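Survey of secondary and tertiary structure
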Amino acid sequence: GFRQRVSELSLSLGNVTLYAKWNESSETTTEQVYTRSGNYIYFGEYPQTIKASNVSIISTTPDTDGYYRGSDGERYAKVVADPYTYNSGYKFSNNSSVTSGNTYYFKVEPIRWRILSESDGNAFILCDSIIANKAYDADSDNNYANSGIRAWLNDEFYKTAFGDLQQALIQTTEVDNSAQSTGYDPNPYACENTSDKVFLPSYREVTTIEYGFASSSSTYDTARRMLTSDFSRATGAYMYTNSSYYGNGWWWLRSPYN
């Protein structure tokens, strides 16, 4: 009869059958799929910043996404550090050293994207930092259509970083992989166009003035500088250690040289 409410469970109750009573409500909740701040959009999530020292990991097993719960209620990725081999002096954003073989936890945070262009309710956006370390292709193939990084972006990354509602917002783009897009025409390594949800930018795109970049590839353009995240520093991303560019790294284009 739903007259006796059980507010807590104890051994003295013995064996009981419990029922849930639901009350109809006019309230609705919606998942926040992105937030905007000026020319930036926070969209999707990925491990980025090293765990603060006052946060402890309280779950012993990972969730379905492979993440652990922290005492602050946030999710964390567990990583055994394998930093870039041929350089030293890497530090996290909290100024602690990145030590190979040590286990670290990195907070899963909203990804910041720079808006390159927008019209008719659609935005063309670029991830504003280096959040992962991935090879272009394990077989050293110079073909973007067949590359491992393209497969990773549109499968593992796409499914991990974005929820269902966010995936529904991401448009499928016909990606220009022509010789002209690579900056070298002719270019025997140019491949056919691809249809992708997420893709690396091309040489031509990162030299497009309308997107906020310098038109010359030889210009030291601040719009093309990318900081590495703590997570990527622990997982093999190369970064500069000199003071002028500390933390900045190299990032892939989809365009092959000729």
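Everything in this summary refers to the structure shown in the same document. Just so it is clear, the structure is predicted and the values come from calculations on it, not from any experiment. The numbers attached to residues start from 1 for each chain and follow its sequence in the written order. In keeping with the model being predicted, local features are shown solely for residues with a pLDDT of at least 70 and side-chain atom pairs are shown and tallied solely at 80 or more, while totals for entire chains, interfaces and linings include all residues. Heavy atoms from the whole structure form the basis of all side-chain values; hydrogens and water molecules are not counted.

**Describing the side chain of Asp221**
Threshold: Secondary structure elements are defined from DSSP: runs of H or I of at least 4 residues count as helices, runs of E of at least 2 residues count as strands, and each element is numbered from the N terminus. Note on definitions: a residue-residue contact is assigned when non-hydrogen atoms from the two residues lie within 4.5 Å.
Among the secondary structure elements, Asp221 is positioned in the loop between β8 (194-196) and α4 (230-234). Those residues within four positions of Asp221 in sequence are excluded, and the remaining contacts are Gly212, Phe213 and Ala214.

**Side note on the packing of aromatic side chains**
Our working rule: Between 30 and 60 degrees the pair is tilted, below 30 it is stacked and above 60 it is edge-to-face, where a pair is any two Phe, Tyr or Trp rings, Trp via its six-membered ring, whose centres lie within 6.5 Å. Residue exposure (1.4 Å probe, protein chains only): buried if accessible area is under 20% of the type maximum, exposed if over 50%, otherwise partly exposed.
The full count for this structure, using the stated rule, is 22 aromatic pairs. Seen in terms of ring centroids, Phe92 and Phe106 are 5.7 Å apart; in terms of plane orientation they differ by 65 degrees. Their pairing is edge-to-face. Of the two residues, Phe92 sits in the loop between β4 (75-80) and β5 (103-119) while Phe106 sits in strand β5, which places them 14 residues apart along the sequence. Take Phe92 and Phe106: they sit in the same class, and that class is buried. Arranged with centres 6.1 Å apart and planes meeting at 20 degrees, the rings of Phe124 and Phe199 form a pair that is stacked. You can see Phe124 sitting in strand β6 (residues 122-127) and its partner Phe199 sitting in the loop between β8 and α4, a full 75 residues away along the chain. By relative accessible area, Phe124 is classed as partly exposed at 24%.

**Regarding the pattern of salt bridges**
Between side chains of opposite charge, a pair can form as their charged atoms come close. Worth spelling out the cut-off: For salt bridges, the criterion is a side-chain nitrogen of Lys or Arg within 4 Å of an Asp or Glu carboxyl oxygen.
Counted by the stated rule, this structure contains 10 salt bridges. Among the salt bridges present, the one from Arg75 reaches Asp65, with a minimum N-O distance of 3.0 Å. Of this pair, Arg75 sits in strand β4 while Asp65 is found in the loop between β2 (40-50) and β3 (68-69), placing the two residues 10 residues apart along the sequence. Residues Asp155 and Lys159 are paired through a salt bridge, measuring 2.8 Å at the closest nitrogen-oxygen approach. You can see Asp155 and its partner Lys159 sitting in helix α1 (residues 148-161), four residues apart, about one turn around the helix. Here the salt bridges do not stand alone but share partners, grouping Glu45, Asp63, Asp65 and Arg75 into one network.

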